[in-house]
Amino acid sequence: MLPTTPKISVLVPVYKAEATLDACVQSILAQTFADFELLLIDDESPDACPGMCDAWAQKDPRIRALHPPKAGPGPSGARNAGLDAARGAWITMVDSDDTVAPDLLAALYADAQQTGAELVICNSCQALPDGARRPLPPEQRFSADTTLTETQFWDAFNTPWVNQFTGTAHRLYAASLFDGVRYPVGMLHEDYYLLPDLIARCQTIRCLAYTGYYVLQHAGSITATARQEVRLAMTRGDIHRAAYFLQRGWYDRAEGALTDAAAFLYRNKAAYDLRKPGHRAEFAAVKAQLCQTYSALAAQKGARSLKLRAAALRAGLPVFHAYTRLLALRRR
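All values derive from a computational prediction rather than experimental measurement.

S.K.: I keep staring at the pattern of salt bridges and nothing clicks. Help me out?
M.R.: Two side chains with opposite charge may pair up if their charged atoms get near one another. Scanning all chains against the criterion turns up 14 salt bridges. For E37, the salt bridge goes to R87, with nearest N and O atoms at 3.0 Å. Highlighted residues: E37 in strand β2 (residues 36-42) and R87 in the loop between α3 (76-85) and β4 (90-93), separated in sequence by 50 residues. With relative accessibility at 2%, the residue E37 sits in the buried group. On the basis of relative accessibility, which here comes to 41%, the residue R87 falls in the partly exposed class. The salt bridge partner of R241 is D238, with a shortest N-O separation of 2.7 Å. Taken as a pair, R241 and D238 lie in helix α8 (residues 228-248) at a separation of three residues, close to a single helical turn. Accessibility classification places R241 together with D238 in one group, the buried group.

S.K.: Just checking my understanding: could you explain the packing of helix α11 (residues 304-315) against helix α12 (residues 317-331) for this structure?
M.R.: Packed helices, taken two at a time, are described by the angle between their axes plus the distance between the axes. Here α11 crosses α12 at 145°, and the two axes come no closer than 5 Å. Like other packed secondary-structure pairs, α11 and α12 cross with a definite hand, here right-handed. In contact with L308, R309, A312, L313 and A315 of α11, α12 contributes L317, V319, F320, Y323, T324, L327 and R331.

S.K.: Help me understand the confidence of the model for the protein in this model?
M.R.: Residues shown with low pLDDT carry predicted positions that ought not to be read at fine detail. Averaged over all residues, the pLDDT of the protein is 90; the fraction at 70 or higher stands at 92%. Predicted confidence is poor over residues 222-226, with pLDDT under 50, and the contacts of this stretch with residues over four places away or in other chains come to seven contacts.

S.K.: Explain helix α10 (residues 277-301) to me, please; I cannot follow it from the model alone.
M.R.: Each full turn of the α-helix corresponds to 3.6 residues, which orients residues three or four apart in the same direction. Between the first and last C-alpha of α10 there are 36 Å, a value that for 25 residues agrees with the 36 Å anticipated at 1.5 Å per step. Residues of α10 that are buried include every one of H279, F283, V286, K287, L290, C291, T293, Y294, L297 and A298, and no others. Looking one or two residues past α10, G302 carries a phi angle of roughly 80°, positive in sign.

S.K.: Looking at this model, I keep getting lost on helix α7 (residues 190-199). Mind explaining?
M.R.: Burial analysis of α7 places nine of its 10 residues in the buried class, which makes it a mostly covered element. Residues of α7 that are buried: E190, D191, Y192, Y193, L194, L195, P196, L198 and I199.

S.K.: Can you walk me through empty space enclosed by the protein in this structure?
M.R.: Once rolled over the atoms, a probe with the size of a water molecule shows which space is left empty. Considering all chains together, one arrives at three cavities of 30 Å³ or more under this definition. Along its surface, the largest cavity is lined by L119, G167, R171, Y173, Y183, D191, L195, L198 and I199. Looking at the lining of the largest cavity, the elements that each hand over two or more residues are β9 (171-174) and α7. Examining the composition of the lining of the largest cavity, we find that four residues originate from one element, α7, more than from any other. When grouped by side-chain class, the residues that make up the lining of the largest cavity number six nonpolar, one polar and two charged.

S.K.: Looking at this structure, I do not really get the packing of aromatic side chains. What am I missing?
M.R.: What describes a pair of aromatic rings is the distance from one ring centre to the other and the angle between the planes of the rings. Under the counting rule described, the total for this entry stands at 18 aromatic pairs. Look at F33 and Y109: their rings are 5.0 Å apart centre to centre, the planes differ by 50°, and that puts the pair in the tilted class. With a gap of 76 residues between them, F33 in the loop between α1 (21-29) and β2 and Y109 in helix α4 (residues 104-115) connect regions that are remote in the sequence. Both residues of the pair, F33 and Y109, count as buried. Seen in terms of ring centroids, F157 and Y192 are 6.4 Å apart; in terms of plane orientation they differ by 35°. Their pairing is tilted.

S.K.: What should I look at first to understand the side chain of H240 in this one?
M.R.: Looking at where H240 falls in the secondary structure, it is placed in helix α8. On the accessibility criterion, H240 (19% relative accessible area) is buried. Aside from chain neighbours lying at most four places away, what touches H240 is Y193, P196 and D197.

S.K.: It is not clear to me how the pairing of β4 should be interpreted in this structure. Could you clarify?
M.R.: Side chains on a regular strand alternate between the two faces of the sheet. Every second residue of β4 is oriented toward a common face, with W90 and T92 on one face and I91 and M93 on the other, all of them buried. Across four bridges, strand β1 (residues 8-14) lies against β4 in parallel orientation. Bridge pairing links S9 to I91 in β4. Both β4 and β9 contribute to a ladder of two bridges, which runs antiparallel. Across the sheet, residue W90 finds its bridge partner in β9, namely A174.

Rules used in this analysis
Residues numbered from 1 in each chain as written. Predicted model: local features only at pLDDT ≥ 70, side-chain atom pairs only at ≥ 80, totals over all residues. Heavy atoms only, no water. Salt bridge = Lys/Arg side-chain N within 4 Å of Asp/Glu carboxyl O. Helix = DSSP H or I, 4+ residues; strand = E, 2+ residues; numbered from the N terminus. Buried < 20%, exposed > 50% of the residue type's maximum accessible area, 1.4 Å probe, protein only. Axes fitted to C-alpha atoms, helices over the stretch in contact; angles between N-to-C directions. Left-handed = near helix turned anticlockwise from the far one by under 90°. Contact = heavy atoms within 4.5 Å. pLDDT = per-residue confidence, 0-100. Expected span 1.5 Å × (residues − 1). 1 Å grid on protein atoms, 1.4 Å probe; cavity = no way out; pocket = protein on both sides within 12 Å on 5 of 7 lines; lining within 4 Å. Points joined across faces, edges and corners; volume = space filled by probe spheres on them. Nonpolar A, V, L, I, M, F, W, Y, C, P; charged D, E, K, R; others polar. Phe/Tyr/Trp six-rings, centres within 6.5 Å; stacked < 30°, edge-to-face > 60°. Pairing = 2+ DSSP bridges.

This is how it looks when you write it as structure tokens:
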């Protein structure tokens, strides 16, 4: 009889995954580490996926099929429902179009137990539609097992490792990291936005040279698109990260995140199609949030230079861009 409290809960949000769900589930059931539960969370998929989830739950007692009422657009509601139902002391998440190595859970769990880390991240690898696997470039993947503190994590965030740090998959979380923390509903790149809230609770973060997660490459994924919503979601994530830095008193990090967000908005302004009222309002809301956080940074640090930059940002993105470029030229 299976324990009622498995060590690991594996969360798989399922939406329009008829072609990939079986391979995903089979790779999870093939784990050498058996003490886990698998939660297949139906995100109100309009195809055969709800029935496929139920069928899998009947085949293996470790599997539960959840059909929560949709809490909002995007996978956040499904992930949150899975977190609410999870019984394990550890959490990992797998996208329903991806697959994992047979020893993924064993490798992540063993390292967490040995090091006391609350978060263990391994390398991911691209999986091509023809079955071939394409490793990430050497500079983007962990080449040696590494231990990071909270501050060291953010020092490494602006390196090519950032592609491994963001996302929800190829990592094992202590379930306690999610106590009182849930994904924002209705936001794309909600994982990027939530990252500071999770890292703030970590004493130790582990990065493993091991590769155990295979990301299927296909044109329909959110990460393969460049819609306005994606761009603005990334900017919201940068602003949220800056606010977290500000709470920590890390002024330089906060300024860097906000400057990056302003530059990103300026460079991509032409892509937002501001002729549409909804786009115009959303862009204005993100810009207002950026200005508010930058002004809070200037007030808290008290530096005249930051106050001038905050004033330039309030005057408009072109003014801020021109002012920061002028300052850069003067430093040369």
